[in-house]
Amino acid sequence: MRLFLIVFFTIYGGMHLYLFLKIRSAFAPGVYASIMLGLLMLLMTSAPVLIRMLVHEEHEIPARLLAYIGYTWMAAIFLYFCISISIDIFNAIPRVIGLFINMDLLPFMARPRPAFIISSLLSLAICTYGYFEARDIRIERLAVETSKLPPGAERLRIVQISDVHLGLIVREDRLRRIVEIVKSEKPDILVSTGDLVDAQLNNLSGLADILTGVKPRYGKFAITGNHEYYAGVESALEFTRQAGFTILRNEAVKGIITIIGVIDPEGVRMGIGTPIDEAGLLRGVGRDGFRILLKHRPVIVRESLGLFDLQLSGHTHRGQIFPFRYLSAISYPMSGGRYDLPKGSVLYVSRGTGTWGPAIRFLARPEVTVIDLVRKS
């Protein structure tokens, strides 16, 4: 976690320095304006820390206000950086060509001020669009044929939610919409594959009541993601239980199908949980019936292949804001959708049902996943 924070703030601070230099180049502000601009950059860089401090001191309204401003700014500066860097690369092409042919190609390059204005307007437009995309929850459908359903069961419907991130920003309106969609699909089983709550865990008791309104006939099951540990795992688990979920922590339940849930490795890194022999756990469950593995991160253990029929994961958000997906794909190549694995196992990775940080998505719509297990004819 400490290493992540160092890397995050180094990159995030670097983006602010880049923006500061671009503004200086485009408008040449005076000394006092530059100082004020530098202080603003410093404030926005430290906004995530200030939000945590306000939450810790139970200043909920200021924390929520700063969260909306700070996290929206985070999305905007990321998009600005990507667009502006693209313009810089475009500008480098005529510069390099001009060196080779000994010719001034300056007229073909974007000047600092127009480049800044274009980058800023595009990032603002994408943020505005992304706000509405983040509210457009899609239903993704997955059909899995199997001969492992018990006699008399021709179809079993499982609905997956993941990465809802209930907290300062994702609140009642979003959760009611999620519950409305889940209920409309009439699930036999509801699963939450981690990060149901966010690191800023505050005043969520009323939200648990909304979730209790979903009552699938074969139950509701949840696992921990990394954010449950950031929020305080005991508080997060208590909320999840109040919401009506059975929490699986390196254990399995057998019913009409077998559901196995494992904890997120963040718990092990924080010294809260113990390492799990996933393949050993799966072998101990036995091979009777259909087996679903709930695992927050879309990581495949080679020894587990063939020991589960379907793994449901989340965590990646499919990058949440394009083109961040290409960075997340470095750690998680299987970052969204269905993947057919060796030995008959299948992985499905949800794009997530909520948002982390900015309430914005771009080319990565949130989803509620509907999985139909269908008897193979």
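Preceding block: the structure.
Residues numbered from 1 in each chain as written. Predicted model: local features only at pLDDT ≥ 70, side-chain atom pairs only at ≥ 80, totals over all residues. Heavy atoms only, no water.

What to know about the overall build of the chain
Here is step 1: Along the chain, the regular secondary structure elements total 12 helices and 12 strands.
Here is step 2: For 377 residues, the compact-globule estimate of 2.2 N^0.38 gives 21 Å, and the C-alpha radius of gyration of the chain, at 23 Å, lies within 12% of that figure.
Here is step 3: With the C-alpha coordinates of the chain rotated into their principal frame, the extents come out at 75 × 55 × 40 Å.
Here is step 4: Relative to all contacts within the chain whose residues are 6 or more apart in sequence, the contacts with residues 24 or more apart total 76%.
Here is step 5: Accessible surface, the chain: about 18200 Å² in total, of which carbon and sulfur atoms supply 63%.
Here is step 6: In the chain, 42 positive and 33 negative side-chain charges are present, and the distance between their average locations comes to 4 Å. (Helix = DSSP H or I, 4+ residues; strand = E, 2+ residues; numbered from the N terminus. Rg over C-alpha atoms; globule rule 2.2 N^0.38 Å. Contact = heavy atoms within 4.5 Å. Areas by Shrake-Rupley, 256 points an atom, 1.4 Å probe, with all protein chains shown as cover. Lys, Arg positive; Asp, Glu negative; His and termini not counted. Charge placed at Lys NZ, Arg CZ, Asp CG, Glu CD.)

Comments concerning the sheet that holds strand 11 (residues 346-349)
Here is step 1: Spatial strand order, 6-7-8-9-11-10: 6 strands in an open sheet with mixed pairing. Every interior strand has two partners, whereas the edge strands, strand 6 (251-254) and strand 10 (337-340), have only one. Averaged over all pairs of adjacent strands, the angle between strand axes in this sheet comes to 20°, irrespective of strand direction.
Here is step 2: As paired elements, strand 6 and strand 7 (residues 258-261) share 4 bridges and run antiparallel to each other. (Pairing = 2+ DSSP bridges. Axes fitted to C-alpha atoms, helices over the stretch in contact; angles between N-to-C directions.)

Some remarks on the pairing of strand 11
Here is step 1: With burial as the criterion, each face of strand 11 is covered, one bearing V346 and Y348 and the other bearing L347 and V349.
Here is step 2: Both strand 9 (residues 310-313) and strand 11 contribute to a ladder of 4 bridges, which runs parallel. Residue pairing for strand 11: S313 is matched across the bridge by V349.
Here is step 3: Two elements, strand 10 and strand 11, share 4 bridges in a ladder whose sense is antiparallel. (Buried < 20%, exposed > 50% of the residue type's maximum accessible area, 1.4 Å probe, protein only.)

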